[in-house]
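Commentary on secondary and tertiary structure
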Amino acid sequence: MTRIHKKTFLKYTGLFLLLAAIIFTPVFLSGKTFIHSGDGFHQHYPFFRQYLNMIRTFFETGNWQSYDWSIGLGQDTLITYGYYVVGDPFVYLGLLFPQGSEEFAFHAVMFVRIWAVGASFLFYARKMNFSEISALSASVIYAFSHYTIYNVVRHPFFIHPLIFFPLIALGIEKIYRKESGAFFGLIIGLAAISNFYFFYMLTILAVVY
C-alpha cells in the first residue's frame, strides 16, 4: 500500500488544478466573476481591496489610518475590518500582487483557499496512515464539496473552518501520541485570530473529536 509522501502533495495539486479548470473555466468564459452580487460585491471584495490599500499606505508613509469617516458615520478601522480581513491569513497574500490588480488577487486568493482545504486534510491523512489513493480521493472530495464551492464565492472566510479543523485534529493526535503540543497551540492561535465566529464551533468539534 502506497503511503503519503511529498510527491502526494504534488499529485493533489495537479488534480486540484485539473478539477478547478473543469469546474470554473465555464464561469470565466461566460464573462462572469466570483464576486457574488450580494455580500461579495458589497462587503467581502470592498473590504479586501480597501484593507490592502491601507496596508500599502502604511508601508509607504508609516501612518496607520485608525479611523475612517467613509465607513457609516465614522468607524474605527481595526474593529470594522476585524471580522472580515484583519485576522484572515489569506488576505495578506493579496500584497504579493501589484496595486490596481485587487480583483485578480481576490480571485487568486479564493483558489488558494480551496487548495488549502484539501491540503489540510492531506496532512491529517498522512498522520493517520491513509493510503495514497484514499488520501487523494478524500482530499479532492473534501476540497470540492458543495459547501466549499458555494461559500468561497459568497463568504470566502466561511471555508476557513474546513482548513483549520483537520489541522486541529492533527494537533490533537500529536498530543495523544506524546509528541509536541506546539503545532496544536499554533493552529488554535491562528484559528482564534482568523475569525471568532467560527472559533467556538471549532472548539466544540475539537472536544467531540
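I will try to describe carefully the structure that is included in this document.

The rules behind each value
Residues numbered from 1 in each chain as written. Predicted model: local features only at pLDDT ≥ 70, side-chain atom pairs only at ≥ 80, totals over all residues. Heavy atoms only, no water. Helix = DSSP H or I, 4+ residues; strand = E, 2+ residues; numbered from the N terminus. Rg over C-alpha atoms; globule rule 2.2 N^0.38 Å. Buried < 20%, exposed > 50% of the residue type's maximum accessible area, 1.4 Å probe, protein only. Contact = heavy atoms within 4.5 Å. Lys, Arg positive; Asp, Glu negative; His and termini not counted. Charge placed at Lys NZ, Arg CZ, Asp CG, Glu CD. Patch = residues over 30% accessible without salt bridge, like charges linked within 9 Å, V, L, I, M, F, W, Y side chains within 5 Å. Areas by Shrake-Rupley, 256 points an atom, 1.4 Å probe, with all protein chains shown as cover. Salt bridge = Lys/Arg side-chain N within 4 Å of Asp/Glu carboxyl O. Expected span 1.5 Å × (residues − 1). Bend = angle between axes of the 7 residues up to and from the residue. Axes fitted to C-alpha atoms, helices over the stretch in contact; angles between N-to-C directions. Left-handed = near helix turned anticlockwise from the far one by under 90°.

1. Some words on the overall build of the protein chain
For the protein chain, the helix and strand inventory stands at nine helices and two strands. Listed N to C, the secondary structure of the protein chain is α-α-β-β-α-α-α-α-α-α-α in terms of helices and strands. Computed over the C-alpha atoms, the radius of gyration of the protein chain is 19 Å, within 12% of the 17 Å expected from 2.2 N^0.38 for a compact globule of 209 residues. Dimensions of the protein chain along its principal axes, counting C-alpha atoms only, are 60 × 45 × 30 Å. Split into buried and exposed, the 209 residues of the protein chain put 43% on the buried side. Within the protein chain, contacts between residues at least 6 apart in sequence are counted, and of these 69% link residues at least 24 apart. Charge separation in the protein chain, taken as the distance between the mean sites of 14 positive and 10 negative side-chain charges, equals 15 Å.

2. Focus on a nonpolar patch on the surface
A contiguous nonpolar patch, built from F196, Y197, Y200, M201, I204 and V208 and spanning about 640 Å² of accessible area, is present on the exposed surface. Note on placement: M201 falls in helix α9 (residues 196–208). Relative accessible area serves as the criterion here: at 30%, M201 is assigned to the partly exposed category.

3. Digging into helix α1 (residues 6–29)
One turn of an α-helix holds 3.6 residues; hence residues three or four places apart share an orientation. Here α1 is 24 residues long and its end C-alpha atoms lie 34 Å apart, about the 34 Å a rise of 1.5 Å per residue gives. At I23, α1 shows its maximal bend, which comes to roughly 40°, and the proline P26 appears one to four places after that position. Of the positions making up α1, those classed as buried are T8, F9, Y12, F16, A20 and F24. Looking at the packing, one finds that the buried side of α1 touches α4 (102–127), α5 (132–143) and α6 (146–154). Where α1 terminates, the next one or two residues include G31, which has phi positive at roughly 80°.

4. Things to note about the packing of helix α7 (residues 160–176) against α9
For any two helices packed against each other, the geometry comes down to the angle between their axes and how far apart the axes lie. Two elements in contact, α7 and α9, have axes separated by 10 Å at closest approach and are oriented at 35°. As for the relative orientation of α7 and α9, their crossing is right-handed in sense. Contact residues: α7 offers P161, F164, F165, I168 and I172, while α9 offers F198, L202, L205 and A206.

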